[in-house]
Amino acid sequence: IEKDIYLPDDILYYDDLSRAHFLKTTLEQSKVNAKKMLENKIYTCDNHSWSTDDDFSFLPVFVGTLMNSSSVVHYEGTCFKSMTFTMEAAGTDSIRVTIDAKDKKSLMCREALFLSTTSRHHLEYMFFSKKHVLTFKNMAADDMIDLNLAGLRMYMFCNGVADSFVSVFSTIKLFLGGLGVNPKWPIIGSHVPEYMEKANVHFLNESMGWSLEKRDVVEVDLDESEIHDGDFLAITRLDGLDEIIMWGTGGHIGHSTVALTLDGELNIVESQDAWYWPKHKIQRNPYKQWVQYAKNCDFHVMVLPLKDEYRQKFNRTAAIEWFESVEGMPYGYHNFLFSWIDTVEDNYPPALPKDFIAIAFEMFGELMPSVIETFFLQAMNHRLGTQGLDFHQVVTEAAKRNTTMLQLMAEPELDGWWYSDGYSYVCSCFVVGVYKAAGLFGDMEINAVEFTPKDVYQLDIFNATAELPQKCKDADPGLPYCQILGKYRMTLPGYSTVSAYPHMNENCASIAPDYVRPDGC
């Protein structure tokens with residue numbers, strides 16, 4: 001059986017059309033997963049019964065690496081007793097992979113393979129006991145260099161849901177997109193295309209039951225004199241990334257910033273690394289300039305005012321001192337996931353089965369070791385009190401302590417952990433860092449790096465009964481805050497309802513669709 005495969009550019013990170021399609025397929029797959037879980041039809045490799053309506057692979061296993069025409073890999077699959085893999089060049093931009101599958105174990109079984117280079121991947125199903133010849137076309141010069149260096153890596157799926165794994169693989173790529181590992185990424189516009197906007201509106205409705213309401217007014221001109229130090233600017237962008245964050249955490253926003261007067265001028269300070277934003281890292285921008293940036297990239301922005309007692313308590317001098325100590329540090333990729341993941345199994349949405357996360361990181365560790373070192377391994381080493389351990393060494397060391405990878409990931413992130421490039425703050429953690437430095441929590445033991453965007457706006461430090469300017473009331477009757485930008489009206493369930501307490505948000509569940517927050521978590 002011969003087959004030509006034209007590999008698409010791996011551009012899910014920045015391509016709006018790809019992300020729109022990803023949201024659609026993710027919704028469909030989450031419904032499939034939920035049904036299979038209810039029917040106990042997600043299998044393991046120990047269960048040797050297959051059915052024609054099940055995709056293969058709850059747990060992928062490493063098969064081997066093809067480096068050149070002289071390398072041969074032999075493997076026994078879940079469906080075929082004998083499988084032989086070889087690879088050869090098929091031109092300047094193509095390779096030919098031959099898989100000789102023999103001795104089928106049962107009539108209806110099939111094999112599911114995941115073939116991957118650093119930047120390209122392909123899922124292939126095989127049903128027949130034959131020689132399968134896959135010719136991978138249109139590979140760029142960088143891909144051929146990568147093949148010569150790292151080879152073609154092959155994984156095999158055990159009996160379960162392969163499509164779920166591919167969904168997770170794609171989801172993680174969304175979060176890795178800002179790390180600059182692919183020099184082929186093009187420059188893109190900052191506005192959200194209409195089709196992407198519609199895809200996200202549909203996604204939020206289907207995945208979270210949130211039906212967005214269009215506004216008659218898309219901009220409220222709030223003067224900087226009407227914003228004070230410590231006021232929280234809660235943000236949503238309908239770009240697919242914020243929505244995945246929202247789906248995972250149960251929040252209605254995906255980005256967080258805070259107002260702070262610096263050198264006599266109101267600034268918005270934040271931790272930011274989006275491709276559409278003109279500046280990166282922990283930064284300051286004068287309010288008026290920031291609003292223009294926000295308009296350019298179609299932000300929905302709400303201004304949440306501090307309660308009077310917290311406004312009086314806000315120590316601007318201390319907040320500025322702390323901000324200047326972290327200004328210019330990189331966005332917090334090191335602990336991006338770990339303000340969200342607090343429990344072993346109660347933080348994952350249906351399309352992200354918990355067992356896939358560590359496995360996907362292991363695979364990425366083989367393909368992009370420097371990225372996984374930044375995104376995952378440094379945080380795991382901090383939890384173990386070790387330095388420089390790779391993925392397999394982390395797994396081994398955790399096992400010696402009777403700890404699984406899921407348990408290790410769920411351990412609290414701690415303020416003060418110094419990573420390879422400084423302290424690590426994502427947007428919401430940075431805002432809480434400002435609040436902590438400004439004295440809003442007093443002497444409480446609070447880890448800012450454990451706060452998601454939802455955790456921030458649910459703090460009861462905001463004035464839910466503030467007297468808003470009339471222009472805000474006219475634009476959004478009934479909202480307890482002023483929404484200054486956005487086509488859709490943004491609601492914040494649980495706004496200003498959770499009182500601060502020591503070690504808050506260190507072990508909180510976030511199970512869709514209700515996202516009930518246990519007391520004292």
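Residues numbered from 1 in each chain as written. Predicted model: local features only at pLDDT ≥ 70, side-chain atom pairs only at ≥ 80, totals over all residues. Heavy atoms only, no water.

Let's talk about the sheet that holds strand β5 (residues 95-104)
Thought 1: Strand order in this open sheet of 5 strands is β1-β8-β5-β4-β3, and the pairing throughout is mixed. Whereas interior strands pair on both sides, the edge strands pair on one side only; in this sheet they are β1 (2-6) and β3 (72-75). Strand-to-strand twist of the sheet, defined as the mean angle between neighbouring strand axes without regard to direction, takes the value 20°.
Thought 2: Of the strand pairs in this sheet, β5 and strand β8 (residues 131-137) are connected by 6 bridges, and their pairing is antiparallel. The residue of β8 that forms the bridge with Thr 98 is Val 133. (Pairing = 2+ DSSP bridges. Helix = DSSP H or I, 4+ residues; strand = E, 2+ residues; numbered from the N terminus. Axes fitted to C-alpha atoms, helices over the stretch in contact; angles between N-to-C directions.)

Here we look at the pattern of salt bridges
Thought 1: Scanning the model with the defined rule gives 21 salt bridges in all.
Thought 2: Across the pair Glu 327 and Arg 284 runs a salt bridge whose closest N-O atoms are separated by 2.9 Å. Separated by 43 residues along the polypeptide, Glu 327 in the loop between α8 (316-326) and α9 (354-367) and Arg 284 in strand β14 (residues 281-286) bring together distant segments of the chain.
Thought 3: With its nearest N and O atoms 2.4 Å apart, the salt bridge here joins Lys 473 to Glu 467.
Thought 4: One network of salt bridges, with partners in common, ties together Glu 213, Arg 215, Asp 476 and Arg 489. (Salt bridge = Lys/Arg side-chain N within 4 Å of Asp/Glu carboxyl O.)

Focus on the packing of aromatic side chains
Thought 1: If you walk through the whole model with that rule in mind, you get 22 aromatic pairs.
Thought 2: Note on Tyr 331 and Tyr 333: the rings are 5.0 Å apart at their centroids and 65° apart in plane angle, and the pair reads as edge-to-face. Note on accessibility: Tyr 331 and Tyr 333 belong to one class, buried.
Thought 3: An aromatic cluster is present here, built from Trp 275, Tyr 276, Trp 277, Trp 290, Tyr 293 and Phe 299 joined pairwise through their rings.
Thought 4: Above the plane of the ring of Tyr 125 lies Arg 110, whose end atom (NZ or CZ) is 4.3 Å from the centre.
Thought 5: The ring of Phe 338 has Arg 383 lying over it, and the distance from NZ or CZ to the ring centre is 4.7 Å. (Phe/Tyr/Trp six-rings, centres within 6.5 Å; stacked < 30°, edge-to-face > 60°. Buried < 20%, exposed > 50% of the residue type's maximum accessible area, 1.4 Å probe, protein only. Lys NZ or Arg CZ within 6 Å of the ring centre and 35° of its normal.)

Remarks on the packing of helix α10 (residues 369-384) against helix α11 (residues 391-400)
Thought 1: Between α10 and α11, the least distance of the axes is 10 Å, while the angle of their chain directions is 25°. On the basis of the axis angle, α10 is roughly parallel to α11. Handedness of the crossing formed by α10 with α11: left-handed. Contact residues: Phe 376, Leu 377, Met 380, Asn 381 and Leu 384 in α10; Phe 391, Val 394, Glu 397 and Ala 398 in α11. (Parallel < 35°, antiparallel > 145°, perpendicular 65-115°, else oblique. Left-handed = near helix turned anticlockwise from the far one by under 90°. Contact = heavy atoms within 4.5 Å.)

Regarding the confidence of the model for the protein chain
Predicted coordinates in regions of low pLDDT should not be interpreted in detail.
Thought 1: Chain-level statistics for the protein chain give a pLDDT mean of 83 and a share of 79% at 70 or above.
Thought 2: Counted against residues more than four places away or in other chains, residues 10-14, with its pLDDT under 50, gives 21 contacts.
Thought 3: Within the model, pLDDT remains below 50 along residues 174-188, and this stretch shows 39 contacts once partners closer than five positions in the same chain are excluded. (pLDDT = per-residue confidence, 0-100.)

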